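Residue-level listing of the chains:
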Amino acid sequence: MPEVRLMKGNEALAEAAIRAGCDAYFGYPITPQSEVLEYLSREVPKKSNMVVLQAESEIASINMIYGAAGAGKRAMTTSSSPGISLMQEGLSYIASAELPCLVVNVNRGGPGLGTIQPAQGDYFQATKGGGHGDYKLIVLAPSSVQEMADHVRLGFEFADKYRNPVMILSDGAIGQMMEKVELFDQLPRDMVKKPWATTGKAKNRERNIITSLHIDPYDMEKINLRLQEKYKQIMENEVRYQSFQIDDVEYLLVAYGLSARICQKVVEIGREKGIKLGLIRPITLFPFPWNIIRSVSERVKGILDVELNSGQMVEDVRLAVEGRAQVKFYGRMGGVIPSPEEIFENFEKEFLKGEAL
Amino acid sequence: MSENTQLEIEEQNFLEEDICVKENLVFDRTQALTDVEMHYCPGCGHGVAHRIIMEVVDEMGIQDKTIGVAPVGCSVFAYNYMNIDMQEAAHGRASAVATGIKRVLPDKFVFSYQGDGDLAAIGTGETVHTVNRGENILIVFINNAVYGMTSGQMAPTTLEGMVTTTSPYGRDPKIMGYPLKIADLIAPLPGAYYVTRQAVNNAGNVRKAKKAIQKSFEYQKLNKGLCFVEIVSNCPSNWKMTPVESNKFVEEKLFPFYPLGDIKVPKEIK
Ligand SMILES: Cc1ncc(C[n+]2csc(CCOP(=O)(O)OP(=O)(O)O)c2C)c(N)n1
Ligand code: SF4
């Protein structure tokens, strides 16, 4: 029987890190995710020799991850928006050196120091690169405490499978809310063989080098092409999404994470009024579920994308739809969370325009 | 090339062949260095510093247990020369990367190799905190008083009045701040176990610098904490000097401000 507990999202994620066989966690406090570092600092010494270290900054954390991941270990860090901005150079190096690791962004309202309230303003940063150069993170978007735990395990699996950094893009609400969570059993450490890691040059092999420097432009282009090929494979193989009531859908909602939870309620409100609303919730933001959105867009009257930002994912939705349906956007920013009723009203305004219901 | 020099070289070749016979060899290629030509400018201290680290690795028989971290700077390609597992860090972050490695592989020997821009400007935060945590690693700090790789801009270590491309009228501390003695800054931290300032400008100093590196690895083996070996070095290319002139500058200008010797030695061995 799996263990069931009532936990905060951030704590479920921390516990999942231990259970996923994570070898090293490096982090720096920032609201709304400090519980992760606190939980690990409290719980790890009781049961494991996992490395837990409070770094002097997010810049240090991400570069410690680089070192530990390059040494072949499962390494992760967590932070929130301003801290994730500081990590961007490091993430670019990690993506280029193809080091598997897990980075969690418990998104808060921005820009700048912003607010500690939940937001989704970091979608572009997470999915379009964030740092310099052509690279992609695999991005997972949990919408429940259960997924905060499950995505840690999945994230490490993806990271190791593709030798690529993975980001869990959560938000302050999912991180702070308490829900029932079914915890997976403890996995062993060192499950994945990493013959490329810098563990000390054994006599019978060449030296291993972790680097992102390729001074010859033709070599650098080759690396880029290889990375792009990998991202293509990821796009082909790893898309995940959840759909609600899309079989007979006439108006489609697209939303992820916290806004998807709210939109589930919007679907119910609509259905009660006889409007055939449905919802697609991307679980992987990269790779984005282009295909399903494209195919559903062929049979709907309109699409409303809902986010806690000024409209970021909506650009990917429009790319998927390619003009097959009208795509509208509704969002709130700065940490304000719209109610289902508010979203429904805006849906009505955009698409029904006073039509008699 | 004049005919005369041609002749001299030919003569030299002949002599070399004659002398370089097995019985006469007193110096072998360092096994832990790869058999390739280094890209460093003639007379640059980086190559010698690489060699003495790898000699120690050879002599201690720890090639299979040593992981190095290269910085962003002229020695970014250190991994092409050091025949050990290595990671290349972002500019300034080598000691954080080394921390990450050492924490998950505590039984391995870990060192970072960093220039003054890398260690004492952009990476000062990482340097101070890595030392303060007493990470059980070695930091080798190459102080050549300029940014070498980016072609000779002012470094935190640039001397007062010294001309660089970004202090073309000489470093004026009123505007540009004072030269930073980072080794003296970190030495009082309790995490620092052994802090020393060395040089590689002549054979005697090379021997001493090598000894300091060897001691540091011995201390690391005993889990003593952070060892910091500064090497006061040169940058003939960006100082716009010949190698010989640059060595003179090292002795006459750098040593008075960056005096050689131990700054902090372990209490138990004092
Ligand atoms: C974030 C970042 N900023 C700036 C640079 C450019 N850069 C490369 S090396 C370097 C300075 C190197 O000087 P130093 O550390 O003294 O080493 P040296 O080349 O003298 O050995 C700079 C500024 C960079 N690569 N990354
Ligand atoms: S630029 Fe200066 S530090 Fe760099 S290799 Fe040349 S002499 Fe050495």
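Trainee: Which parts of the structure should I look at to understand the overall build of chain A?
Mentor: Along chain A, the regular secondary structure elements total 13 helices and 15 strands. For chain A, whose C-alpha radius of gyration is 21 Å, the value lies close to the compact-globule estimate of 21 Å for 357 residues. A principal-axis box enclosing the C-alpha atoms of chain A has dimensions of 80 × 50 × 40 Å. The buried share among the 357 residues of chain A stands at 54%. For chain A, contacts bridging at least 24 residues in sequence account for 78% of all contacts bridging at least 6.

Trainee: Honestly, the interface of chain B and chain A in this entry has me stumped. Any pointers?
Mentor: Contacts between chain B and chain A engage 29 residues on the former and 34 residues on the latter. Of all the elements in the fold, those that place two or more residues in the side of chain B that touches chain A are strand 1 (66-70), strand 2 (85-88), helix 4 (94-104) and helix 6 (124-132) of chain B. It is helix 4 of chain B that contributes the most residues to the side of chain B that touches chain A, eight residues altogether. Residue composition of the side of chain B that touches chain A, by class: 13 nonpolar, eight polar and eight charged. Pairing of strand 9 (residues 209-210) of chain A with strand 2 of chain B, which is carried by two bridges, proceeds in the parallel orientation. From the neighbouring strand, Ile 210 of chain A faces strand 2 of chain B, where its bridge partner is Gln 87 of chain B.

Trainee: Help me out: how do you make sense of the site of ligand 2 in this one?
Mentor: Residue and element names in this part refer to chain B. Lining the immediate surroundings of ligand 2 are Tyr 40, Cys 41, Cys 44, His 46, Cys 74, Asn 144, Gly 148, Cys 235, Pro 236, Ser 237 and Asn 238. Among the elements that line the shell around ligand 2, the one with the most residues is helix 10 (residues 236-239), at three residues. Classifying every residue of the shell around ligand 2 by side-chain character gives six nonpolar, five polar and no charged.

Trainee: Just to check I follow, could you spell out the nonpolar core for this structure?
Mentor: What tends to happen in soluble globular proteins is that the nonpolar side chains get buried as a cluster. If you look at the biggest cluster of nonpolar residues, it comprises 187 residues, and the most contacted ones within it are Ala 17 and Leu 253 of chain A together with Val 140 and Phe 228 of chain B. Shared between two domains, this core takes at least three residues from each, and those domains are domain 1 (3-237) and domain 2 (242-352) of chain A. When residues no more than four places from it in sequence are discounted, the contact partners of Val 140 of chain B are Ala 49, Ile 53, Phe 111, Tyr 113, Val 229 and Ile 231 of chain B.

Trainee: Would you mind going over the site of ligand 1 with me for this structure?
Mentor: Residue and element names in this part refer to chain B. Every one of the 17 residues lining ligand 1 counts as a neighbour, but Gly 73, His 91, Gly 115, Gly 117 and Gly 148 are closest to it. Among the elements that make up the shell around ligand 1, the one with the highest residue count is helix 5 (residues 116-122) (three residues). For the shell around ligand 1, the per-class residue count stands at seven nonpolar, eight polar and two charged.

Trainee: Teacher, can you tell me more about the sheet that holds strand 4 (residues 75-79) of chain A here?
Mentor: Think of a sheet as strands paired side by side through backbone hydrogen bonds, with each pair either parallel or antiparallel. Residues and elements named next belong to chain A. Read across the sheet, seven strands follow the order 3-2-4-5-7-6-13 without closing on themselves; strand pairing throughout is mixed. Lying at the two open borders of the sheet, with one neighbouring strand each, are strand 3 (51-54) and strand 13 (284-286). Along the sheet, successive strands turn relative to each other by an average axial angle of 20°, direction set aside. Sheet analysis places strand 2 (residues 24-27) next to strand 3, joined by four bridges and oriented parallel. Along strand 3, the bridge assignment pairs Gly 27 with Gln 54.

Trainee: I tried to follow the environment of Arg 207 of chain B on my own but got confused; where do I start?
Mentor: Relative to the assigned elements, Arg 207 of chain B resides in helix 9 (residues 203-221). In this structure Arg 207 of chain B comes out as partly exposed when scored by C-beta crowding, with 13 C-beta atoms within 10 Å.

Trainee: Quick question: what am I supposed to make of the sheet that holds strand 12 (residues 277-282) of chain A here?
Mentor: Residue and element names in this part refer to chain A. Strand order across the open sheet formed by five strands is 10-12-11-14-15, with mixed pairing between neighbours. This sheet does not close on itself; its edge strands, each paired only once, are strand 10 (241-244) and strand 15 (327-331). Neighbour-to-neighbour, the strand axes of the sheet open up by a mean angle of 20°, direction not taken into account. The pairing of strand 11 (residues 251-254) with strand 12 spans four bridges and is classified as parallel. Bridge pairing in strand 12 places Leu 253 opposite Leu 279. Helix-sheet contacts for helix 12 (residues 313-321) involve strand 11, strand 14 (302-307) and strand 15, and the interaxial angle to strand 14 is about 155°.

Trainee: For this particular structure, what's the right way to read helix 7 (residues 145-162) of chain A?
Mentor: A turn of α-helix holds 3.6 residues, and therefore any two residues three or four places apart point the same way. Residue and element names in this part refer to chain A. Relative to the 26 Å expected for 18 residues at 1.5 Å per residue, helix 7 spans 26 Å between its end C-alpha atoms, a close match to the ideal helical length. Approximately 30° is the largest bend angle found in helix 7, and it occurs at His 151. If you check which residues of helix 7 are buried, you get Val 145, Glu 147, Met 148, Ala 149, Asp 150, His 151, Val 152, Leu 154, Gly 155, Phe 156, Phe 158 and Ala 159. At the exit of helix 7 stands Arg 163, carrying a positive phi of roughly 45°.

So, how was this worked out
- Residues numbered from 1 in each chain as written.
- Chains lettered and ligands numbered in written order.
- Predicted model: local features only at pLDDT ≥ 70, side-chain atom pairs only at ≥ 80, totals over all residues.
- Helix = DSSP H or I, 4+ residues; strand = E, 2+ residues; numbered from the N terminus.
- Rg over C-alpha atoms; globule rule 2.2 N^0.38 Å.
- Buried ≥ 20, exposed ≤ 12 C-beta atoms within 10 Å, placed from the backbone.
- Contact = placed C-beta atoms within 7 Å.
- Nonpolar A, V, L, I, M, F, W, Y, C, P; charged D, E, K, R; others polar.
- Pairing = 2+ DSSP bridges.
- Near = placed C-beta within 6 Å.
- Core = buried A, V, L, I, M, F, W, Y, C linked by C-beta atoms within 7 Å.
- Domains from an automatic or database assignment.
- Axes fitted to C-alpha atoms, helices over the stretch in contact; angles between N-to-C directions.
- Expected span 1.5 Å × (residues − 1).
- Bend = angle between axes of the 7 residues up to and from the residue.

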